[in-house]
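Architecture and fold: a report
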Amino acid sequence: SGLLPAIIISSSKPIEVVEVVRISKSDINGSIKTFGSDGFFGYIGRFRNNKLGNYSMYVTDMNNLILVRTGNKKYVFSCSRPQEFVEFVNLQLKR
């Protein structure tokens, strides 16, 4: 495992990242919002589904999703170049 200081969620502490992978919209199908907002500007908050369990989502583009797993949490983000992001982070994790 490694540290990814670039990903900070309401904290000044770096998050220990275990895995970063691309996922598809089908991976979040059937999700139920447990706290947050889902609508015109995106999906932000806590969600749950059978495939991922509980996770936090910060998404504006459902076509470019990445899943970040830490020791005990899961985060779904969208980014403009998800494959490049995943490759870069995984290179850093191998160091």
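Whatever comes next refers back to the structure up there.
Being a predicted model, the structure only gives us computed values, none of them experimental.

1. Thoughts on the environment of Glu-87
Within the secondary structure, Glu-87 is located in helix H1 (residues 82-94). Along the primary structure Glu-87 and Val-21 are separated by 66 residues, whereas in three dimensions their C-alpha atoms are 8.8 Å apart.

2. Remarks on the packing of aromatic side chains
A full pass over the atoms with the stated rule returns four aromatic pairs. Between Tyr-58 and Phe-77, the ring centres sit 5.7 Å apart and the planes meet at 20°, which makes this aromatic pair stacked. Taken together, the positions of Tyr-58 in strand S5 (residues 53-59) and Phe-77 in strand S7 (residues 74-78) put the pair 19 residues apart, joining distant regions of the chain. A residue is classified by how much of its surface remains accessible, and Tyr-58, at 31% relative accessible area, is partly exposed. Measuring from ring centre to ring centre gives 6.2 Å for Tyr-75 and Phe-77, while their planes differ by 20°; the resulting arrangement is stacked.

3. Examining the pairing of strand S6 (residues 65-70)
Counting buried positions along S6 yields five of six residues, so the element is predominantly enclosed. Across six bridges, the pairing between strand S2 (residues 15-23) and S6 is antiparallel. By the bridge assignment, Arg-22 is partnered in S6 with Ile-66. Across five bridges, S6 lies against S7 in antiparallel orientation. Bridging from a neighbouring strand, Ile-66 pairs with Phe-77 of S7. Between the antiparallel neighbours S6 and S7 lie three residues.

4. Observations regarding the nonpolar core
If you look at the biggest cluster of nonpolar residues, it comprises eleven residues: Ile-23, Ile-28, Phe-47, Leu-52, Tyr-55, Met-57, Val-59, Met-62, Leu-65, Leu-67 and Val-76. Elements represented by at least two residues in this core include exactly S5 and S6. Counting residues per element, this core draws most heavily on S5, at three residues. For Ile-28, the contacting residues outside a window of four places in its chain are Ile-23, Asn-49, Leu-52, Tyr-55, Met-57, Met-62, Leu-65 and Val-76. The next biggest cluster of nonpolar side chains, apart from the first, holds nine residues, and it includes Val-17, Ile-66, Val-68 and Phe-77.

5. Points about the pattern of salt bridges
Taken as a whole and judged by the stated rule, the model has four salt bridges. The partner of Arg-69 in a salt bridge is Glu-19, with the nearest N and O atoms 2.7 Å apart. A residue pair is termed long-range when its members are at least 10 positions apart, and Arg-69 in strand S6 and Glu-19 in strand S2 qualify at 50 residues. Looking at Arg-69, the relative accessible area reads 28%, which means it is partly exposed. According to the relative accessible area criterion, Glu-19 is partly exposed, its value standing at 31%.

Rules used throughout
- Residues numbered from 1 in each chain as written.
- Predicted model: local features only at pLDDT ≥ 70, side-chain atom pairs only at ≥ 80, totals over all residues.
- Heavy atoms only, no water.
- Helix = DSSP H or I, 4+ residues; strand = E, 2+ residues; numbered from the N terminus.
- Phe/Tyr/Trp six-rings, centres within 6.5 Å; stacked < 30°, edge-to-face > 60°.
- Buried < 20%, exposed > 50% of the residue type's maximum accessible area, 1.4 Å probe, protein only.
- Pairing = 2+ DSSP bridges.
- Core = buried A, V, L, I, M, F, W, Y, C linked by side-chain atoms within 4.5 Å.
- Contact = heavy atoms within 4.5 Å.
- Salt bridge = Lys/Arg side-chain N within 4 Å of Asp/Glu carboxyl O.

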